[in-house]
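Per-entry structural report
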Amino acid sequence: MQQPITLHVAPFADLDARTLYDLIRLRVDVFVVEQKCPYPELDGRDVEPGTRHLWLEQDGAPVAYLRVLADPEGVERIGRVVVAQHARGDGYAGRLMTEALRVIGDRTSVLEAQAHLVGFYGRHGFAPIGPEYLEDGIPHVPMRRTAA
């Protein structure tokens with residue numbers, strides 16, 4: 001029997017080695033392997049003091065993840081939104097986005113959406129702020145959610 005889904009929010013300093021490994025493996029499995037984008041997944045931003053890691057865990061393994069970065073001038077950046085292939089369609093990305101926006105509060109937030117997900121992020125209050133562009137061969141759209 002599967003265990004219930006557990007939500008976690010933590011800064012880098014609170015991640016144990018196994019959790020960090022599992023989170024990075026999920027990101028690499030989807031962004032590098034599944035999407036065939038060989039890029040430097042470890043960009044140095046995970047360890048910044050203002051970064052918050054959010055993930056959903058089931059049976060001891062992450063099934064969805066995102067991070068919130070503290071960008072300059074009080075803007076929060078949501079990134080690395082990912083759901084394990086076997087867990088897609090269960091609303092996990094939406095649940096994480098809702099929690100991320102709760103963590104962000106009334107501050108302005110931005111993200112770089114894969115173009116096919118613009119509608120998903122739009123349902124969370126984000127609007128395009130620039131033209132579509134290619135990043136690692138995948139169309140993206142810059143989006144912003146203005147502070148409340």
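This section reports on the structure supplied with the text. (Residues numbered from 1 in each chain as written. Predicted model: local features only at pLDDT ≥ 70, side-chain atom pairs only at ≥ 80, totals over all residues. Heavy atoms only, no water.)

1. Here we look at the environment of alanine 113
Relative to the assigned elements, alanine 113 resides in strand β5 (residues 109-114). The exposure class of alanine 113 is buried, given its relative accessible area of 0%. In the structure, alanine 113 is positioned 69 residues away from glycine 44 in sequence and 20 Å away in space, judged by C-alpha atoms. (Helix = DSSP H or I, 4+ residues; strand = E, 2+ residues; numbered from the N terminus. Buried < 20%, exposed > 50% of the residue type's maximum accessible area, 1.4 Å probe, protein only.)

2. Comments concerning the environment of proline 62
Relative to the elements of secondary structure, proline 62 occurs in strand β3 (residues 61-70). A relative accessible area of 12% places proline 62 in the buried class. The sequence separation of proline 62 and glutamine 3 amounts to 59 residues, and the corresponding C-alpha distance is 12 Å. In this structure, proline 62 is in contact with Asp22, Leu23, Leu26, Trp55, Leu56 and Glu57, ignoring residues within four places of it in sequence. (Contact = heavy atoms within 4.5 Å.)

3. Observations regarding unusual backbone geometry
You will see that lysine 36, though not glycine, has its phi angle at about 55°, which is positive. Secondary-structure assignment places lysine 36 in the loop between α1 (17-34) and β2 (52-58). Residue class for lysine 36 comes out exposed when judged on its relative accessible area of 68%. The residue glutamate 73 is not glycine, and still its phi comes out positive at about 60°. With respect to the element layout, glutamate 73 can be found in the loop between β3 and β4 (76-83). You can call glutamate 73 exposed: its relative accessible area is 82%.

Purely spatial values, then, with no claim about function.
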